[in-house]
Amino acid sequence: MVNMAGGGMEIVVVKIHKPEDVNVILGQSHFIKTVEDIAEVVVGSVPAAKFGLAFLESSGDCLIRIDGNDEALMTLARDNAKVIGAGHSFILFLRDCYPINVLNAIKNLQEVCTIFCATANAAEIVIAESPSGRGILGVIDGQKPKGVEGPESIVWRKSLLRKLGYKRG
């Protein structure tokens, strides 16, 4: 616990729980229309995508607002949102879609302030909690580097991007 004038602040780390085949986008937004706007972005960008979304309202009723088209991913979003507990944050789980397919459209939504991560990796959220609430400080996304890529790794990277269809040739 860090003591500050007028109260204390605790820093906690919470793990994002998800299956390995699911991608996640974690961000901050400032308005209740986030729920419908992000859902429309996903459906409009990748119609076959499966998704679950939770937005943590931080005024009024302070509810966790849910949307999606896959019950399991919607439940996953709701359950992770309960643990995160940081107002004005959102968590979006994706299956049959990569974050790269929707990320710029989400970032361009009027109400989206920040994207903390977009990943398939195991990730943890660093959260500050004070008497007035909780906020996301950042994200630990995956493991630290084990070295620098060499010629074989470059060939593998380029091959992967072509296999996934993100590069031609």
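The structure this text deals with has already been given above.
The structure presented is a predicted model; accordingly, all values stated were derived computationally and were not measured.

*Asks:* Explain the overall build of the protein to me, please; I cannot follow it from the model alone.
*Replies:* Regarding its fold elements, the protein presents 4 helices and 9 strands. The linear arrangement of helices and strands in the protein, starting from the amino end, is β-β-β-α-β-β-α-β-α-β-β-β-α. Its C-alpha atoms put the protein at 60 × 40 × 30 Å along the principal axes. Out of the 169 residues in the protein, the part that is buried amounts to 35%. Summarising the internal contacts of the protein: among those between residues at least 6 apart in sequence, 65% fall at separations of at least 24.

*Asks:* What should I look at first to understand unusual backbone geometry in this one?
*Replies:* Of all residues except glycine, most have a negative phi; of all peptide bonds, most are trans. A positive phi angle, near 50°, is found at Cys62, a position not held by glycine. Following the sequence through the fold, Cys62 ends up in the loop between strand S4 (50–56) and strand S5 (64–68). Accessibility expressed as a relative area gives 47% for Cys62, which makes it partly exposed. A positive phi angle is found at His88, which is not glycine, with a value near 65°.

*Asks:* How do you make sense of the sheet that holds strand S3 (residues 23–29) when you look at a structure like this?
*Replies:* Sheet strands line up and pair through hydrogen bonds in the backbone, either parallel or antiparallel. The 5 strands lie next to each other as S5-S4-S6-S3-S7, forming an open sheet whose pairing is antiparallel. Bordering the open sheet on either side are S5 and strand S7 (112–119), each of which pairs with just one other strand. On average, each strand axis in the sheet is tilted by 15° relative to the strand beside it, whichever way the strands run. Bridge analysis of S3 against S7 gives 6 bridges, and the strand direction is antiparallel. Opposite Gln28, over in S7, you have Thr114 as the bridge partner. Across the face of the sheet, helix H1 (residues 34–45) comes into contact with S3, S4, S5 and strand S6 (89–95) while running at roughly 160° to S4.

*Asks:* Would you explain a nonpolar patch on the surface in this entry?
*Replies:* Side chains of Tyr98, Ile100, Leu164 and Tyr166 sit close together on the surface and give an oily, nonpolar patch of about 370 Å² of accessible area. Inspection of the secondary structure puts Tyr166 in the segment after helix H4 (151–163). Given the relative accessible area of 30%, Tyr166 is considered partly exposed.

*Asks:* Would you take a moment to explain the pattern of salt bridges for this structure?
*Replies:* Pairs can form between side chains of opposite charge once their charged atoms are near each other. Throughout the structure, instances matching the rule amount to 7 salt bridges. Here Arg65 makes a salt bridge to Glu57, at a shortest N to O gap of 3.0 Å. Between Asp79 and Arg78 there is a salt bridge; the shortest N-O distance is 2.8 Å. In this structure Asp79 comes out as partly exposed when scored by relative accessible area, which is 34%. Taken together, the salt bridges that share partners define one network made up of Lys33, Asp37 and Glu111.

Quick notes on the rules
Residues numbered from 1 in each chain as written. Predicted model: local features only at pLDDT ≥ 70, side-chain atom pairs only at ≥ 80, totals over all residues. Heavy atoms only, no water. Helix = DSSP H or I, 4+ residues; strand = E, 2+ residues; numbered from the N terminus. Buried < 20%, exposed > 50% of the residue type's maximum accessible area, 1.4 Å probe, protein only. Contact = heavy atoms within 4.5 Å. Pairing = 2+ DSSP bridges. Axes fitted to C-alpha atoms, helices over the stretch in contact; angles between N-to-C directions. Patch = residues over 30% accessible without salt bridge, like charges linked within 9 Å, V, L, I, M, F, W, Y side chains within 5 Å. Areas by Shrake-Rupley, 256 points an atom, 1.4 Å probe, with all protein chains shown as cover. Salt bridge = Lys/Arg side-chain N within 4 Å of Asp/Glu carboxyl O.

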